[in-house]
Amino acid sequence: MDKIQQLADYIDQCHAAVAITGAGISVAGGGVTYGQMRLSRRGLGGRRGSDESSFLPTYLETMFSYEPSFAHYALRDLEAEGKLIGIITTNVDCMHTIAGSKNVAEIQGSLQVNCCSQCGRHYDGYEIWKQEELPRCTACGGSILPWPLYSHIGLWDDDVKKARAWMAKADLILTIGTRGNYGDVYWGYRRRDAVIVQINPGHTGFDQVANLNIREGSDDVFRKLQERRGGNG
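Let me begin by describing the structure that accompanies this report. These figures come from a predicted structure and were not determined experimentally.

Some remarks on the overall build of the protein chain
Along the protein chain, the regular secondary structure elements total nine helices and eight strands. Counting the 233 residues in the protein chain, one finds 52% classified as buried. Across the protein chain, every contact between residues at least 6 apart in sequence was considered, and the portion connecting residues at least 24 apart equals 62%. Taken as a whole, the protein chain presents about 10700 Å² of accessible surface, with 46% of it coming from carbon and sulfur.

Next comes the structure, spelled out in structure tokens:
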């Protein structure tokens, strides 16, 4: 049996699937990674001053110049089908939400969780970044920063709780374009009988635990999967 058919069978037979996604799923659509944008403590790091003014041209313009990938939309469709109960991601680009997925745990926060760097007022939702200038707080005039900056890339606890709950229910785990399980933030909560499928052209920390390794890009895999499953995909 070929690997795409195995994946199709796993999805058809599962009751509750969870997808774990990383930079690979967004790079396929033209996106960028933390490393490429130097989004780190040594780079932007949430400090005031010139770092704030550099955030928009170095990250946001690049972010909104691309669209969700085919794989983003495929996961949305699996959720609508009732197969996928949640997506756990370390990506901050909001592309799962933009693609239409409802149950997304952005465990490192994202550009949907934003806060004034001076007074702490929240401005949540990614739409605030769709403008030509860095947004300013309407209360005090301070710069508005997304969670990955003002938290120094910390964990978003509300979404970590969602991730753990989904992992405890999932009988199928799809790891897509991600290199590892981010320590034991959520991985230790998984069902021990869950089937694990890795979709990644390279070798990762999931190699030894996956029941099925598909060494292809996520868009290619989900296009083939859609063809194989026909009207169900």
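Read on, since the account is not over.
Considerations on the sheet that holds strand E6 (residues 172-176)
Hydrogen bonding along the main chain pairs the strands of a sheet, whether they run parallel or antiparallel. As summarised here, the arrangement of the six strands in space is E3-E2-E1-E6-E7-E8, forming an open sheet in which the pairing is parallel. Among the strands making up the open sheet, the edge pair consists of strand E3 (104-106) and strand E8 (212-214). Sheet twist, expressed as the average angle between the axes of neighbouring strands with direction ignored, equals 15°. Alignment of strand E1 (residues 17-21) against E6, held across five bridges, turns out to be parallel. Note on E6: the bridge partner recorded for Val 18 is Ile 173. Along the sheet face, helix H5 (residues 70-81) touches E1, strand E2 (84-89) and E6 and points at about 145° away from the line of E2. Across the sheet, helix H8 (residues 157-169) touches E1, E2, E3 and E6, and the angle it forms with E3 is around 130°.

Quick notes on helix H1 (residues 3-13)
If you check which residues of H1 are buried, you get Ile 4, Leu 7, Ala 8 and Ile 11. Seen from one end, H1 has its buried residues packed into an arc of 100°, which puts them on one side. As for H1, its buried residues are in contact with H5, E6, strand E7 (195-199), E8 and helix H9 (218-229). Its side-chain oxygen at 3.0 Å from the backbone nitrogen of Ile 4, Asp 2 defines the N-terminal cap of H1.

Describing H5
Across its 12 residues, H5 extends 16 Å between first and last C-alpha, which sits within 8% of the 16 Å expected from 1.5 Å per residue. Three or more residues of H5 are buried, namely Ala 71, His 72, Ala 74, Leu 75, Leu 78 and Glu 79. One side of H5 carries all its buried residues, which in axial view fall inside an arc of 165°.

A closer look at the side chain of His 96
Here His 96 lies in helix H6 (residues 95-99). Given the relative accessible area of 3%, His 96 is considered buried. A polar atom in the side chain of His 96 sits 2.9 Å from the side chain of Thr 21. In contact with His 96, not counting residues within four places along its chain, are Thr 21, Ile 25, His 72, Leu 75, Ile 87, Thr 89, Ser 101 and Val 104.

Some points on the state of the cysteines
Summed over all chains, the structure comprises zero disulfides. Not engaged in a disulfide, the cysteine Cys 115 finds its nearest cysteine sulfur in Cys 116; these two sulfurs lie 6.6 Å apart. On the basis of relative accessibility, which here comes to 10%, the residue Cys 115 falls in the buried class.

Re the environment of Arg 179
Relative to the helices and strands, Arg 179 resides in the loop between E6 and E7. Measuring from C-alpha to C-alpha, the distance between Arg 179 and Ala 23 comes to 8.9 Å, with 156 residues separating the pair along the chain. Apart from the residues lying within four places of it in its own chain, the contact partners of Arg 179 are Thr 204, Gly 205 and Phe 206.

Observations concerning the nonpolar core
In this structure, Leu 7, Leu 75, Ile 176, Val 197, Ile 199 and Phe 222 are the most contacted members of the largest nonpolar core, which totals 25 residues. Elements with a contribution of two residues or more to this core: H1, E1, H5, E2, E6, E7, E8 and H9. Those residues within four positions of Ile 199 in sequence are excluded, and the remaining contacts are Leu 7, Thr 175, Ile 176, Gly 177, Ile 214, Glu 216, Gly 217, Ser 218, Val 221 and Phe 222. Formed by 18 residues, the second largest nonpolar core is a distinct cluster that contains Val 18, Ala 105, Ile 173 and Tyr 186.

Here is what the cut-offs are and how they apply
Residues numbered from 1 in each chain as written. Predicted model: local features only at pLDDT ≥ 70, side-chain atom pairs only at ≥ 80, totals over all residues. Heavy atoms only, no water. Helix = DSSP H or I, 4+ residues; strand = E, 2+ residues; numbered from the N terminus. Buried < 20%, exposed > 50% of the residue type's maximum accessible area, 1.4 Å probe, protein only. Contact = heavy atoms within 4.5 Å. Areas by Shrake-Rupley, 256 points an atom, 1.4 Å probe, with all protein chains shown as cover. Pairing = 2+ DSSP bridges. Axes fitted to C-alpha atoms, helices over the stretch in contact; angles between N-to-C directions. Arc of directions from axis to C-beta. Polar contact = N/O pair within 3.5 Å; in protein donor to acceptor, adjacent residues only side chain to side chain. Expected span 1.5 Å × (residues − 1). Disulfide = S-S within 2.5 Å. Core = buried A, V, L, I, M, F, W, Y, C linked by side-chain atoms within 4.5 Å.

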